[in-house]
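# Observations on the model geometry
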Amino acid sequence: MIPYAFDYTRPESVEEALDLLDDDAKLLAGGHSLVPALKLRLSAPGRLIDIARIPSLKGIREENGEIVIGAGTTHAEIMKSDLLKQHLPMFAEGAALIGDPMVRHKGTIGGSLAHADPSADWPAMVIAADGEVVLRGRNGSRSVAAADFFIGFYSTALEEGEIITEIRLPVPAEGTRMNYQKFAQPASRFAIVGCAVVRHPDGSVRVAFTGVSDAPFRDTGVEEALSGQQLTDDVIEAAAAKAAEGVSLNSDHFASEEYRQHLARVYCKRALNAVA
Amino acid sequence: MSNKYIGQSVKRLEDKRFITGKGRYTDDIKLPGMTYASFVRSPYAHARVNRIDTSAAKDMPGVVAIFTGDDIASAGIVGVPTGWQVNFRNGDTMKEPPHPLLVPTGSTVKHIGDPVAVIIADSREAAFDASEAVEVDWEELPAVVSAYKATQEGAPQVHPDAPGNLAFDWEIGNPIDEVNEAIEQSAHVTTLEFVNQRLVPNAIEPRAYIGHYDEVSDKYTLYTSTQNPHLIRLLMCAFVLGIPEHKVRVLGPDVGGGFGSKIYHYTEEALVTWASKQIRRPIKWTETRSEAFMLDAHGRDHITKAEMGFDAEGNIKALRIKTYANLGAYLSTFAPAVPTYLHGTLLQGLYTTPKIHLDLYGVFTHTVAVDAYRGAGRPEATYLLERMLDLAALEMGKNPVQLRKQNFIPSFDGVEQPGYQTQVALQYDSGNYHGVLDRAVEMLGYDEFRQMQQEANQNGKLLGVGFSTYIEACGIAPSAVVGALGARAGLYESAQVRVQPTGKVSVFTGAHSHGQGHVTTFAQVVADKLGIAMEDIDIIHGDSDAVAFGMGTYGSRSLAVGGSAIVKSIDKVLEKGAKIAAHKLECSVDDLEYAEGKWTVKGTDKSISFGDVALTAYVPHVYPQGLEPGLDFSSFYDPANFTYPFGCHIAIVEVDKETGRVKLKRFIAVDDVGNVINPMIVDGQIHGGLAQGIGQALLEEAIYDENGQLTNGSYMDYAMPRADDLPSFELDRQVTPCPHNPLGVKGAGEAGCIGSTPAVVNAVIDALWSGGHKVKDIRMPLTSERVWRAMQEQNTQILHS
């Protein structure tokens, strides 16, 4: 279809983008969620601000004990990053499960987090890895823990006039194990269930889900069941059985609420087995 | 005749322009002064149109004209017809309510997307914007989407003059009393109630049309993304617009796939043609992908109960079927033929079943039209038969391969042995059904697989194998036969072979390539028949002014029918060429032999080349007395029978016990499509067909909700098969030539799509039985959740209505 008419600007810097960002504007990065919405006339911004090529939003670096991923970094760049393969292999592996090659080469991690599709892959991984989302507005930057960033259905802590600039992830201690397991929706390849698990050398485990509910979430029920336990088959089985308890469950043609909860348990078990 | 090209995997001549983005599709064509159309479409499946207010839209920038259904009605245009008439079994005439180009006020829209107005503007953007400014007062009415429910008392009526929503009811086969008796006397009866679900065709190029009326020549040109330009011209001129056929040129430029959906004459084609005369400017309409999901005629959508009776030894004694076929809201061009003559007549399958009866209901619903989609009726018949065979084998504890073999029709070549007369009207041309099954089973390694299955089971994995053997009727069709069956057109094909003075050859064919590679395959045939190089041949199609007449491409017919027409014309060229050659060589025609592009006096080295004869034909200075100059022949070929390709497909799947997820591990296909001109192109056709057939089994379905809303009309929700859903296919081929056409070819376009679907479903059922879940059926597509739920029902029989 054909979008409504809009203006298009390609600023050179985040500052310039922030100056342009008003409530009639939308930020365009990879465009793989926004452009279809424009074409279906579901979204009708007066202006698109194309931030895909702003240099300061690109790249992956290590800084003060953190891995910093620029918000404009594509899924494919994350998939190929040696730094991530070394420290946060779940991110490189998880990136490979996103969409298809075209989506991976255009779509960005910042765009995915900002859009907050309840079935997107990154939120589960960023929450499980205890990441922070760095937001910048005209009055400066602030940092929000990923677990607090996702508020609800397509809804985040982003305030009007803010741009995600980077994602900061603590460099895990030696011996940390992590895994992302995904049951993909056959058409869109978004997650019907995505489960990310990070197990630290001290035995603590962080578990996060995407696709299951209206927003990604950290599953403290599973985490508590694992607390202070060796990851034996029985422990894993018992903990996974608590997956996605007490959350509102999504339902669609591919997975009812009941089946989704079942999948959450199975994929939680598989992710835990992978880090056991 | 030479053998340089036929049988070779010549690379496709058309691919360079396609893969470098240089194809010329209808939407690529821009005419001076062109305008763009956008339709105002119903958001309801069933609603009365009380009022249409176009006043605001008229004032929008760039708007050229707006037409509503009232304008069309006052122009005397009733609507688009169907091309096939299937009457009620009691002789009553088929119900054929009008299908208006735009629904007028006071009338009712009958499916989502049914149009009520068209906006024509200077740009596509302006047309879109203005279409949103049209205000329609809709009065929503109750809708019905299921073919079964639509026939029940109290169901919402789609058309007032089609009571019970029946377009027709119909039967074929042996007398029902005989079939009932045979079922009653059977030692075992396998019963299955199932849904063959509705599919969206999903051609990669959405439909696009340009209507252009030229005042100076008083001629119309229609550019259309179609599979059959002449048929569109005939239907539109004679049955819709009432304009003289010689004043209309229909062009089908490059077309990006059809799978059946572009056979039909759609309302938008007639509308842009008619409206272009009203505004005296060309009008382009290019469908959006959302419209393609909603409006391109869908496929399948049968609800069926089938019973197959066996004697104690496992011999099939009878088959009794009741099917509700969803036809949608309006009868599309071939719609009545699909569940009847393309489905009922194939229920013999490869088996000697002595008693068969199909009881069929063609039903109107508040959904878009259902018509032929790759395979068209034959996949539905094959699915039914092959599911029954594998299920019967499981129920009776028999080997599914042996069960088939003991019931197979014995081999016959159609020359020494006669064709096989079925209980359902057809006579098969030639077949060796044991051959394809034996070869496929050899590729599988049956015993090894069963051992592997057992071991997998002990290791907590579920493996399954599914078999499918199929036959299809292609090369549609002998005109007299289809005429007797209700077709409103003949189904021959035309070809003109024009030898140019320099010996280069232009071939005009009524077939239409929209991905099949005709330009390559046909040139291979012509090159070998004439003994000249492929580079010296041009294949021209898709232009009703250039090509005499033609019936287009569908039903795997192009080579069997269109190719045969080309051969007929080549024979005429060579016959006349021999007369010219004999004159030049001062001998008699009988002294000549033709090979490698030249006529030679037998036993001598005296010869004359094809090119020299061509030149002589057009510069007839030294020339046989009384012979007309020129070397240019047209032919029409009307086939003597359908062709009957057949084959065996085997699927091996692994089912995840915890999630129900199905992984297709291997897929074996041994197809017999008769003689093969280009093996690479045939393999490509089989591959594409397999992907679509497997897609139906595992992924695809158009889902309407109770209100008639299409709930998954986008690629985010409608699952198409992708490369990573499929294994590397294991193909082999057997060749049983068609005995009744000059090339011995049978057609390969639909085979993959016909055989594969039941093989996959059978494999999943087999996997579940091996794990102790004795499930009879899982509704397609076999989503992970459906398979998982089936496994929750331990040892029970799940029947789906």
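Quick caveat: nothing in here was measured; it's all calculated off a predicted structure.

## Some details on the overall build of chain B
Across its full length, chain B holds 20 helices and 28 strands. The C-alpha atoms of chain B give a radius of gyration of 28 Å, which matches the 28 Å a tight globule of 801 residues would have. Restricting to contacts in chain B with at least 6 residues of sequence separation, those with at least 24 account for 80%. In the form shown here, chain B has an accessible surface area of approximately 27,700 Å², with 49% of it arising from carbon and sulfur atoms. Each charge class in chain B can be summarised by its mean position, and for the 70 positive and 97 negative side chains these summaries are 3 Å apart.

## Observations regarding the interface of chain B and chain A
Counting residues at the interface gives 27 residues for chain B and 25 residues for chain A. At the boundary of chain B with chain A, total buried surface from both sides reaches about 2,400 Å², with 50% on carbon and sulfur atoms. The interface formed by chain B and chain A holds eight salt bridges in total. Asp724(B) is the salt-bridge partner of Arg189(A), the closest N and O atoms lying 2.9 Å from each other. Where chain B meets chain A, there are 17 residue pairs in polar contact (both at pLDDT 80 or more). Secondary-structure elements contributing two or more residues to the side of chain B that touches chain A are helix H4 (124-132) and helix H20 (784-792) of chain B.

## Some words on a nonpolar patch on the surface
Residues and elements named next belong to chain A. A contiguous nonpolar surface patch, about 300 Å² in accessible area, is contributed by Met1, Leu40 and Leu42. Relative to the assigned elements, Met1 resides in the segment before strand S1 (7-9). Assessed through its relative accessible area of 33%, Met1 is described here as partly exposed.

## Focus: the domain arrangement of chain A
Residue and element names in this part refer to chain A. You can read the domains of chain A as domain 1 (7-49), domain 2 (56-170) and domain 3 (177-275). Across the boundary between the two partners, domain 2 contributes 26 residues, which contact 23 residues of domain 3. Taken over both partners, the interface formed by domain 2 and domain 3 buries close to 1,800 Å², and the fraction arising from carbon and sulfur atoms is 65%. Seen at the junction of domain 2 and domain 3, the total is two salt bridges. Between Arg206 and Asp130 there is a salt bridge, with its nearest N and O atoms 3.6 Å apart. Where domain 2 touches domain 3, the interface holds ten residue pairs in polar contact (both at pLDDT 80 or more). Mapped onto the side of domain 2 that touches domain 3, the elements with two or more residues apiece are helix H5 (89-95), helix H8 (122-128) and strand S8 (150-152). Broken down by element, the residue count for the side of domain 2 that touches domain 3 peaks at five residues, all from H8.

## Side note on the sheet that holds strand S12 (residues 283-286) of chain B
Residues and elements named next belong to chain B. If you trace the seven strands from one edge of the open sheet to the other, you get S3-S5-S1-S12-S9-S10-S11, paired in mixed fashion. In the strand order of this sheet, the two ends are held by strand S3 (63-68) and strand S11 (248-251), each with one partner. Taken over all neighbouring pairs, the strand axes of this sheet differ in orientation by 20° on average, direction set aside. Across four bridges, strand S10 (residues 219-224) lies against S11 in parallel orientation. Bridged to Thr221 within S11 is Arg249. This element, H4, spans strand S1 (35-41), S3, strand S5 (115-121) and S12 of the sheet and lies at about 25° to S1. This element, helix H8 (residues 267-279), spans S1, S3, S5, strand S9 (208-214), S10 and S12 of the sheet and lies at about 30° to S9.

## Considerations on empty space enclosed by the protein
All names here are of chain B. Across all of its chains, the model carries six cavities of 30 Å³ or more by this definition. Counted as a void, the largest cavity has a volume near 210 Å³. Taken together, 22 residues make up the lining of the largest cavity; nearest its centre are His99, Tyr266, Thr267, Leu295 and Val368. Split by residue class, the lining of the largest cavity holds eleven nonpolar, seven polar and four charged. Counting only domains with at least three residues in the lining of the largest cavity, you end up with domain 1 (31-141 + 204-257 + 262-295) and domain 2 (299-476 + 641-792). Taken as a whole, the second largest cavity spans an internal volume of roughly 80 Å³.

## What to know about the pairing of strand S22 (residues 592-595) of chain B
All names here are of chain B. Along S22, the buried face is formed by Leu592 and Tyr594; none of Glu593 and Ala595, which line the opposite face, is buried. Judged from the four bridges that link them, S22 and strand S23 (residues 598-601) form a sheet pairing that is antiparallel. Bridging across to S23, Glu593 finds its partner in Thr600. Counting the residues in the hairpin turn of S22 and S23 gives two residues, including Glu596, whose phi is positive at 50°.

## Brief notes about a negative patch on the surface
Residue and element names in this part refer to chain A. A contiguous patch of negative charge on the surface is contributed by Asp7, Asp22, Asp23, Asp24, Glu159 and Glu160. Within the secondary structure layout, Asp7 lies in strand S1. Looking at Asp7, the relative accessible area reads 46%, which means it is partly exposed.

## Focus: the nonpolar core
Formed by 222 residues in total, the largest nonpolar core has its most connected members in Phe209(A), Val116(B), Val655(B), Phe667(B) and Leu768(B). A total of eleven residues in this core trace back to one element, the largest contributor, which is helix H19 (residues 751-770) of chain B. Residues in contact with Val116(B), not counting those within four places in the same chain, are Val40(B), Val49(B), Ile52(B), Phe67(B), Thr68(B), Gly69(B), Leu102(B), Val103(B), Val109(B), Val136(B) and Trp138(B). Counting 50 residues, the second largest nonpolar core, distinct from the first, contains Val505(B), Val519(B), Val525(B) and Leu631(B).

## Considerations on helix H6 (residues 176-184) of chain B
Residue and element names in this part refer to chain B. Turning to H6, its buried residues number three or more, namely Val179, Ala182 and Ile183. Down the axis of H6, the sector holding all buried residues measures 100°, keeping them to one side. Counted as exposed and oriented over 90 degrees from the buried face of H6: Asp177 and Glu184. Looking at the buried positions of H6, the neighbouring elements they touch are strand S8 (188-199), strand S13 (299-310), strand S14 (316-328) and strand S15 (356-364).

## Considerations on the domain arrangement of chain B
Residues and elements named next belong to chain B. Looking at the assigned domains, one finds that chain B contains domain 1 (31-141 + 204-257 + 262-295), domain 2 (299-476 + 641-792) and domain 3 (492-637). Each of domain 2 and domain 3 has a C-alpha centre, and these two points are 40 Å apart. On the domain 3 side, the residues contacting the 21 residues of domain 2 number 18 residues. The junction of domain 2 with domain 3 conceals about 1,400 Å² of combined surface from both sides, 64% of it contributed by carbon and sulfur atoms. If you sort the residues of domain 2 by the area they bury against domain 3, Ile476, Ile677 and Leu743 come out on top, with a joint share of 36%. The interface formed by domain 2 and domain 3 contains zero salt bridges. Viewed at the interface, domain 3 and domain 2 are joined by seven residue pairs in polar contact (both at pLDDT 80 or more). The class makeup of the residues in the side of domain 2 that touches domain 3 is nine nonpolar, eight polar and four charged.

The rules behind these values
Residues numbered from 1 in each chain as written. Chains lettered and ligands numbered in written order. Predicted model: local features only at pLDDT ≥ 70, side-chain atom pairs only at ≥ 80, totals over all residues. Heavy atoms only, no water. Helix = DSSP H or I, 4+ residues; strand = E, 2+ residues; numbered from the N terminus. Rg over C-alpha atoms; globule rule 2.2 N^0.38 Å. Contact = heavy atoms within 4.5 Å. Areas by Shrake-Rupley, 256 points an atom, 1.4 Å probe, with all protein chains shown as cover. Lys, Arg positive; Asp, Glu negative; His and termini not counted. Charge placed at Lys NZ, Arg CZ, Asp CG, Glu CD. Buried area = accessible area lost by both parts, 1.4 Å probe. Salt bridge = Lys/Arg side-chain N within 4 Å of Asp/Glu carboxyl O. Polar contact = N/O pair within 3.5 Å; in protein donor to acceptor, adjacent residues only side chain to side chain. Patch = residues over 30% accessible without salt bridge, like charges linked within 9 Å, V, L, I, M, F, W, Y side chains within 5 Å. Buried < 20%, exposed > 50% of the residue type's maximum accessible area, 1.4 Å probe, protein only. Domains from an automatic or database assignment. Pairing = 2+ DSSP bridges. Axes fitted to C-alpha atoms, helices over the stretch in contact; angles between N-to-C directions. 1 Å grid on protein atoms, 1.4 Å probe; cavity = no way out; pocket = protein on both sides within 12 Å on 5 of 7 lines; lining within 4 Å. Points joined across faces, edges and corners; volume = space filled by probe spheres on them. Nonpolar A, V, L, I, M, F, W, Y, C, P; charged D, E, K, R; others polar. Core = buried A, V, L, I, M, F, W, Y, C linked by side-chain atoms within 4.5 Å. Arc of directions from axis to C-beta.

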